[in-house]
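# Breakdown of the fold
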Amino acid sequence: MRHSEQVAMIKRLLALRETRRDEKMLDDVVTIPVTKYTDASLLEREIASAFSRYPLVAGHASALGEPGAYLTSDWDRFPYVVVRGEDGRVRAFYNQCRHRGARLADQPAGTVQNFICPFHGWVYGLDGALKGITRAHDFPGVKTCDYGLVELPAAESGGLIWVGRTPGETLDIPGFLGTFHEDLVNFDVASLVRYKKTKVVKEANWKLLIKTYLEGYHVPYLHRDTLAFAFKKGVIAHDEDGPHIRLSAARTNIGETALKPEEEWRILDYASVYYTLFPNTFFILHPDYVSINTFWPLAPDRTIWTHEMLYRDADFTGSAGQSALAKRFRFTNDTVFDQEDFAIAEDVQRTLLHGGSDHHVLGLAEGLLAMFQQTIDERLTDPDAATPATPRTTGHHS
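This one's a predicted model, so the numbers in the text were calculated from it and none came from an experiment.

### Remarks on unusual backbone geometry
Of the consecutive residues phenylalanine 278 and proline 279, the connecting peptide bond is found in the cis state with omega at 5°. If you trace the backbone, proline 279 turns up in the loop between β16 (271-277) and β17 (281-285). One non-glycine residue, aspartate 27, lies in positive phi territory at about 60°. Assignment of secondary structure puts aspartate 27 in the loop between α1 (3-19) and β1 (30-33).

### A few points about the domain arrangement of the chain
In many analyses, interface size is given as the accessible surface area lost on bringing the parts together. Here the chain is partitioned into domain 1 (3-52 + 176-381) and domain 2 (56-170). Domain 1 and domain 2 are separated by 32 Å when their C-alpha centres are compared. Listed as interface residues are 29 residues of domain 1 and, on the opposing side, 18 residues of domain 2. Between domain 1 and domain 2 lies a buried interface of about 1,900 Å² when both sides are counted; carbon and sulfur atoms form 60% of it. For the domain 1 face of the interface with domain 2, the top three residues by lost area are Phe51, Arg194 and Trp296, together amounting to 25%.

### Side note on the layout of surface pockets
Leftover empty space is mapped by rolling, across the atoms, a probe with the size of a water molecule. Size it by volume and the largest pocket reaches roughly 1,100 Å³. Secondary-structure elements contributing two or more residues to the lining of the largest pocket are α6 (219-222), β15 (244-250) and α8 (318-352). Of all the elements, α8 adds the most residues to the lining of the largest pocket, at 6 residues. Its residues placed into classes, the lining of the largest pocket shows 24 nonpolar, 8 polar and 13 charged. The calculated volume of the second largest pocket comes to roughly 490 Å³. Every residue lining the second largest pocket is counted, 18 residues in all, and those nearest its centre are Thr212, Glu215, Val348, Glu366 and Leu369. Considering every element that reaches the lining of the second largest pocket, the biggest residue donor is α8, with 4 residues. Residue classes in the lining of the second largest pocket are distributed as 11 nonpolar, 3 polar and 4 charged.

### Some thoughts on the sheet that holds strand β2 (residues 56-60)
As summarised here, the arrangement of the 3 strands in space is β2-β12-β11, forming an open sheet in which the pairing is antiparallel. Where the open sheet ends on each side, the last strands, each with one partner, are β2 and β11 (154-157). Adjacent strand axes in the sheet meet at a mean angle of 25°, parallel and antiparallel pairs treated alike. Summarising the sheet, β2 and strand β12 (residues 160-163) pair through 4 bridges and their orientation is antiparallel. The residue of β12 that forms the bridge with histidine 60 is leucine 160.

### Comments concerning the nonpolar core
In globular proteins that are soluble, nonpolar side chains generally tend to be buried together. Membership of the largest hydrophobic core comes to 96 residues, with the highest contact counts inside it found for Leu13, Ile267 and Phe283. Counting residues per element, this core draws most heavily on helix α9 (residues 367-381), which supplies 6 residues. Per-domain counts for this core show at least three residues from each of domain 1 (3-52 + 176-381) and domain 2 (56-170). Counting residues in hydrophobic clusters, the runner-up holds 16 residues, among them Ala102, Trp122, Ile133 and Leu149.

### A few points about the UniProt feature "domain: Rieske" (unreviewed entry) in the chain
The sites that UniProt annotates as "domain: Rieske" (unreviewed entry) are residues 57-163. With 0% helix and 36% strand, residues 57-163 has end C-alpha atoms that lie 7 Å from one another.

### Things to note about the side chain of histidine 223
Looking at the secondary structure, you find histidine 223 in the loop between α6 and β14 (236-241). Among the residues examined, histidine 223 registers a relative accessible area of 1% and is labelled buried. Only 3.2 Å separates the side chain of histidine 223 from the side chain of histidine 218, close enough to count as a polar contact. Ignoring any residue separated from it by four or fewer positions in sequence, one finds histidine 223 in contact with His218, Ala228, Val336, Glu340 and Asp341.

What counts and what doesn't
- Residues numbered from 1 in each chain as written.
- Predicted model: local features only at pLDDT ≥ 70, side-chain atom pairs only at ≥ 80, totals over all residues.
- Heavy atoms only, no water.
- Helix = DSSP H or I, 4+ residues; strand = E, 2+ residues; numbered from the N terminus.
- Domains from an automatic or database assignment.
- Contact = heavy atoms within 4.5 Å.
- Buried area = accessible area lost by both parts, 1.4 Å probe.
- 1 Å grid on protein atoms, 1.4 Å probe; cavity = no way out; pocket = protein on both sides within 12 Å on 5 of 7 lines; lining within 4 Å.
- Points joined across faces, edges and corners; volume = space filled by probe spheres on them.
- Nonpolar A, V, L, I, M, F, W, Y, C, P; charged D, E, K, R; others polar.
- Pairing = 2+ DSSP bridges.
- Axes fitted to C-alpha atoms, helices over the stretch in contact; angles between N-to-C directions.
- Core = buried A, V, L, I, M, F, W, Y, C linked by side-chain atoms within 4.5 Å.
- Buried < 20%, exposed > 50% of the residue type's maximum accessible area, 1.4 Å probe, protein only.
- UniProt positions renumbered as here; feature names shortened; annotations may be inferred.
- Polar contact = N/O pair within 3.5 Å; in protein donor to acceptor, adjacent residues only side chain to side chain.

And the structure:
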């Protein structure tokens, strides 16, 4: 956000705090069938649409800090490797040798001079070109120029690495994110560095996990011993751009803005800012660190969750700084996300096929969940949808 937008957002949150209500979302009660989280055929359609036709976040750009640095996919259904070339450009390829399909890079991240197939020793350059065939005389007529790695669309934009699933396409990330791309630039996400990344399988639907982030209604209850103190009288303001949602959650200290002139207001001093980057990334800006959460579906009730925490070097110097980072990561990752948000999502998932209701009912403060769901649903039938349609309300005011 530009500074003027940060000031405007703080004023929106201050006005909402006076009413003790979140900004109006759908202004109606909405119901969602539980089959959205249990139907295997629906999941396959989601993967074929949302997970196949849109750019996906591979990670933060700092992971590719030098030529030869690479990242591999966290999801076997899309086996890519992203690498920074000698020319500084980021490229993505299917992580498969063109000979007999062996995986070339088997670590989550690393640095190489070339990719060498562990099966038969074929060698590929950082640009994907096949540089050498072991015992080339056994392959008469096979030209190295015909068997380079299959290149995928890739981009480095807004401090993030993006990958697409259709070879030959070009990724326009500023166009895809709209005004939210400017936020990533203005918050200088590119200058952050990675502290740690974790990868865990959760026993819940990918959408159910993401939806735990999209409302503050649960904070005084589920997070009563953790986050509730930081978000007393918390209210949420939100914006949409295409299929993406930004929500800003006022922190307890937002009233302290009265002590400073507007030119000194900084949104992250008084609020946390969250983004759903369609389809499966939840990006969180806190006052002193950033969390990138991605969700990769394995089954209707199983999801790979990755959490990459970023920070600024200057904010956490020396051993004391590293100790503070470790404490923040344990609190955010282990306690708030894993033991509270996702533990309750797993508990919900376990009851879906055996409970007494065939739908969930969402109140006025939970409208963003319905909006996110509708965005997914619209793209099942209209992959070229430019903006999410307004969710249909099937309930009523109580």
